[in-house]
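Below, each chain spelled out in residue letters.
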Amino acid sequence: MARSSGGPAAVAELRSGQRSRTMLLLRALVDIASAHPALPGPLPPPRDAWHLLVRAERRSPAAVDRLLLHPPVGVWLNRCLRRLRGLEPGDGPLWSAVGHLHAVAASAALLAGIDFRGSVPVRDGGVILPALGFARIPDRADVAEVVMTDRKAVVVSGPYAVTLPADFTEEAPGWHGLRRLRGEHRGIVCSPYVDDIDPYRDFLRIRGPQRLTDKERQGWQERFDSAWRLVAQQREVDPRGIGACLSSVVPVPYVAWPEPFSASSPEAYGCVLLGGATDPLTLAAALVHEAQHIKLSALMDLVPLIEQGLEEIHYAPWRLDPRPLRGLFQGVYAFAGVTGFWQDRLRRAGSGPAGDTAAFEFALRRAQTSSGLRTLLDHAELTPMGEEFLHRLEERLAQWLARPVPSVPGRLAADLIEDHRMVHRMRHLRPDPGRLAQWARAWRERSEPPRDLPGTSVRPTRTEALTRPALARLRLRDPEGFARLREGGGAGSPDGGDAPDRADLDQADLDRADLDRADLDWVAGDTTAALRRYRGRVAADPDDIAAWAGLALSLPGGPARTALLSHPELVLAVHREVRTAPGTGPDPVALARWIGARTGR
C-alpha cells in the first residue's frame, strides 16, 4: 500500500479488520441499548437481533460478512452509537434508530436461508432490509414483520404483505431490490451496488429512497462501464484492489466547482458518493481517488501511522481551506493514486489534446502530492510505521517527479500551483497587526520598513472557487473551443446563472460561467493583456483576491512578482492598511515591488 497501490491480498486484510471492527461496535451497541431506559420501544429487545445474527453466522458466515461490510450499516452503527452517548442529535424516535439492528439481522437471516419471524421498524413508507432492498408498506404502522418459511420471504404489516422475489435484486410488486453496476475489462471486474434506497447510504445526511429511473440507471451503468475500462487499463494503482474495495456507489445531488463532487468516509467502508454525470476520464480518476481514501482509512484502523498534532491545520495544495494533519495524510495518499492514474494516461495518450490534458493533470497532481508530503514529513509526529509508509511513497513520487512533461501543460500546472497557494495565503493568513502597522507607516513615510517580516496567524474564513484551472483544462482539451470562447469575450450569461459544476467545462457550462477576460488572456498565454486587465480588477475591487493572484502570475520576473509569490498576504494587508477608500490605495505593482526589494526573497 505504501507504494500507492494495494492489491486484492492487502484489501482482504483490510476487509477482515473492518469486519472485526464492525462486530465490536455491534456488540457495544447491543450492550448499551439493552441498558437504556427508553428502549426497546415497540420492538423486541436488541439481544434478540444479536441472537438472530449468531444463528445466521452459524449457517452462513458469508451472509453475515455481507451485512457487516455493507457501507450503510457502518454509517448507521456509528451514528446510533453517537446518539446513544449524547454526541449527536436524533433523526426520528430512538427506538426506531436502534431498532434498525433488527433489520440488519433480518437481512442476514434471509441471506443465510434460515426460517425466522422478526419485527423491524417502518420508515419512509416501508421497510429497508440492508444489502437487499426496500419493501413499500402503504400502512402507517411503525413496525412490520419479516417472515421466512421454506425459503419464502414476506414483509407483513397489518393487511398488507410484500412477497420478496427469490432473487432479491429483482423487482416485484411493492419490492425494490438493491441493484448493481458492473464494469469489466480483461477479466478485471468491479460490481458495486448503485444504492438509491438505504436511508444511511449517504453518510453526509439521512435520506429516504430516491429510486433511479431505468434511464438514469442505464446512464450510470454506461458511464461506470466506460470509466472502469480506464481504471482497469492502468497498473499504477492495482485495479483488482480498487475493484475489491469499492462496494457501493451512491448518486447524490451535491455539486462542486471546479471539480466534480465525490466523497468517501471511514464510517462507510467501500462507499463512494458521486454527484452528477461526468465524463469517463474524470469519473475514473474519482474512483481511484476515493478507493485510495477507503484503503488508507481501513489501514489506519489497524495500524497507527500518525500520532500527535492531529488538530494542527496546514496548507493543503488541493483545497483552499486549511486541513488537519490527518486529512493531509489522506489527501497525499489519494492524490498519489490519482498521479499514478494520470501518469498511465500520459504514457498511453500520445500527442494532441488527450496527451496535453494527461500531462497537465499528471504535473498538477504530482506537485500537489509532493507539497503535501513535504508538509507531513516536516510537521507530523509519525509512528515508525508512518515514517516508513511516507518514505516509500516518497520513493515512488520521486520517479514521477523526474518525468518530463510538455512545456505548455507543465507551465500551466506549475503556475496554478502558485495560484492556489497565493489565494490560500491571502484568504487565511493574517500578518501580526503591530508589525503590519510598522510596514504601512514605512510606506506612507517612504522610510525603511522593519528588518523582519511580520509573523502570521491562521484565521480560516470562507473560500471561493477559482476559474483559471477549469479554463486551463478547456484550453488543453479543446483548443478550438477555448479560442472561440476567448474571441467571444468570455462574458457570463446575463441572467447571472449558477457557476459550472464540472472542471471539464462544456459549452453549456461556459454559458453559465461568470468568466473574466483577464483569466482567459492569462490561460491563453497573453500575459500583457492579462496584466492590464488584472490591474483594472484590483483597482475596481482591491479585495479581489483572485485578481491579486492573477496579477502576480502575469508579472514578469522581478521584485514585484517575487513579493506576491512569496508573501502575498503581506502585500494585500499593507495595501488594505494604507488605503482609505476604494481607488485611493497605492499602485499594487509598485507596492509589491517596494516590498520585494526590501524582503530580498
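Calculation rules
Residues numbered from 1 in each chain as written. Predicted model: local features only at pLDDT ≥ 70, side-chain atom pairs only at ≥ 80, totals over all residues. Heavy atoms only, no water. Salt bridge = Lys/Arg side-chain N within 4 Å of Asp/Glu carboxyl O. Helix = DSSP H or I, 4+ residues; strand = E, 2+ residues; numbered from the N terminus. Buried < 20%, exposed > 50% of the residue type's maximum accessible area, 1.4 Å probe, protein only. pLDDT = per-residue confidence, 0-100. Contact = heavy atoms within 4.5 Å. Pairing = 2+ DSSP bridges. Axes fitted to C-alpha atoms, helices over the stretch in contact; angles between N-to-C directions. Phe/Tyr/Trp six-rings, centres within 6.5 Å; stacked < 30°, edge-to-face > 60°. Lys NZ or Arg CZ within 6 Å of the ring centre and 35° of its normal. Expected span 1.5 Å × (residues − 1).

A. Examining the pattern of salt bridges more closely. Taken as a whole, this structure holds 42 salt bridges when the rule is applied. Between arginine 348 and aspartate 344 there is a salt bridge, with its nearest N and O atoms 2.7 Å apart. Within this pair, arginine 348 and its partner aspartate 344 are both found in helix H9 (residues 325-349), separated by four residues, close to a single helical turn. For aspartate 344, a relative accessible area of 1% puts it in the buried group. Bridged by salt links that share partners, the residues Asp419, Arg468, Asp516, Asp519, Arg537 and Asp544 form one connected network.

B. Local environment of the confidence of the model for the protein chain. The predicted model of the protein chain has a mean per-residue pLDDT of 92, with 94% of residues at 70 or higher. Strand S11 (residues 193-194) holds the highest mean pLDDT among the elements of the protein chain, 98, whereas helix H16 (residues 507-512) holds the lowest, 40. Contacts for the low-pLDDT stretch residues 491-514, under 50 throughout, to residues beyond four places or in other chains number 49 contacts.

C. Fine view of the environment of proline 266. With respect to the element layout, proline 266 can be found in the loop between strand S13 (262-263) and strand S14 (271-275). Separated by 297 residues in sequence, proline 266 and alanine 563 place their C-alpha atoms 41 Å apart. Setting aside chain neighbours within four positions, we find proline 266 in contact with Gln18 and Ser297.

D. Highlighting the sheet that holds strand S7 (residues 175-177). Taken together, the three strands give an open sheet; going across it, the order is S2-S3-S7, and neighbouring strands pair in antiparallel fashion. Among the strands making up the open sheet, the edge pair consists of strand S2 (126-129) and S7. Adjacent strand axes in the sheet meet at a mean angle of 10°, parallel and antiparallel pairs treated alike. For strand S3 (residues 133-136) and S7, the ladder comprises three bridges, and the chain directions are antiparallel. What sits directly across from phenylalanine 134, in S7, is histidine 176.

E. Local environment of the side chain of histidine 289. Of note, histidine 289 is situated in helix H8 (residues 280-302). With sequence-adjacent residues up to four places away left out, histidine 289 is seen in contact with Ala334, Phe335 and Val338.

F. A look at unusual backbone geometry. Across the junction of leucine 39 and proline 40, the peptide omega takes the value 15°, indicating a cis bond. Checked against the element boundaries, proline 40 lands in the loop between helix H1 (8-34) and helix H2 (46-59). We note that alanine 131 has phi near 70°; this positive angle belongs to a residue other than glycine. Take alanine 131: it is sitting in the loop between S2 and S3. Although it is not a glycine, arginine 186 sits at a positive phi angle of roughly 50°. Mapped onto the elements, arginine 186 comes out in the loop between strand S9 (183-185) and strand S10 (188-190). Overall, arginine 186 belongs to the exposed group, its relative accessible area being 77%.

G. Main features of the packing of aromatic side chains. All told, the structure shown has seven aromatic pairs when counted by the stated rule. Ring centres of tryptophan 439 and tryptophan 594 lie 5.9 Å apart, and the angle between their planes is 85°; on these two criteria the pair is classed as edge-to-face. Here tryptophan 439 is found in helix H13 (residues 433-445), whereas its partner tryptophan 594 is found in helix H22 (residues 588-599), with 155 residues between them in sequence. Residue tryptophan 439 is classed as buried on the basis of its relative accessible area, which comes to 1%. Residue tryptophan 594 is classed as buried on the basis of its relative accessible area, which comes to 9%. Ring geometry for tryptophan 443 against tryptophan 594: centres 5.3 Å apart, planes inclined by 75°, an arrangement best described as edge-to-face. Placement of the pair is tryptophan 443 in helix H13 and tryptophan 594 in helix H22, with a sequence separation of 151 residues. Tryptophan 594 matches tryptophan 443 in its accessibility class, with the two residues each being buried. Ring-pair connections join several aromatic residues into one group, and the members of that group are Phe329, Tyr333 and Phe389. The ring of tryptophan 50 carries the charged tip of arginine 27 above its face, separated from the ring centre by 5.1 Å.

H. Structural context of the pairing of strand S12 (residues 248-252). Burial of S12 is extensive: five of the five residues sit out of reach of the surface. Alternating positions in S12 separate into two faces, Ser248, Val250 and Val252 on one and Val249 and Pro251 on the other, with burial throughout. Summarising the sheet, S11 and S12 pair through two bridges and their orientation is parallel. The partner of valine 194 across the bridge, within S12, is valine 249. Direction of pairing for S12 relative to S14: parallel, over a ladder of five bridges. Of the residues in S14, the one forming a bridge with proline 251 is leucine 274.

I. Local environment of H1. When the terminal C-alpha atoms of H1 are compared, their 38 Å separation across 27 residues agrees well with the 39 Å that a helix rising 1.5 Å per residue should span. By the burial criterion, the buried members of H1 are Val11, Leu14, Gly17, Gln18, Arg19, Thr22, Leu26, Leu29, Val30 and Ala33. For H1, the secondary structure elements touched by its buried residues are H2, helix H3 (61-68), helix H4 (71-84), helix H5 (94-112), helix H7 (239-245) and H8.

J. Spatial organisation of the sheet that holds strand S1 (residues 116-121). The antiparallel open sheet is built from four strands, whose spatial order is S1-S4-S5-S6. Unpaired on one side and paired on the other, S1 and strand S6 (160-163) mark the two borders of the sheet. The mean angle between the axes of side-by-side strands here comes to 25°, regardless of whether they run parallel or antiparallel. Where S1 and strand S4 (residues 143-149) come together, six bridges link them in antiparallel fashion. Residue pairing across strands places proline 121 opposite valine 143, the latter belonging to S4. Helix-sheet contacts for H5 involve S1, S4 and strand S5 (152-157), and the interaxial angle to S1 is about 145°.

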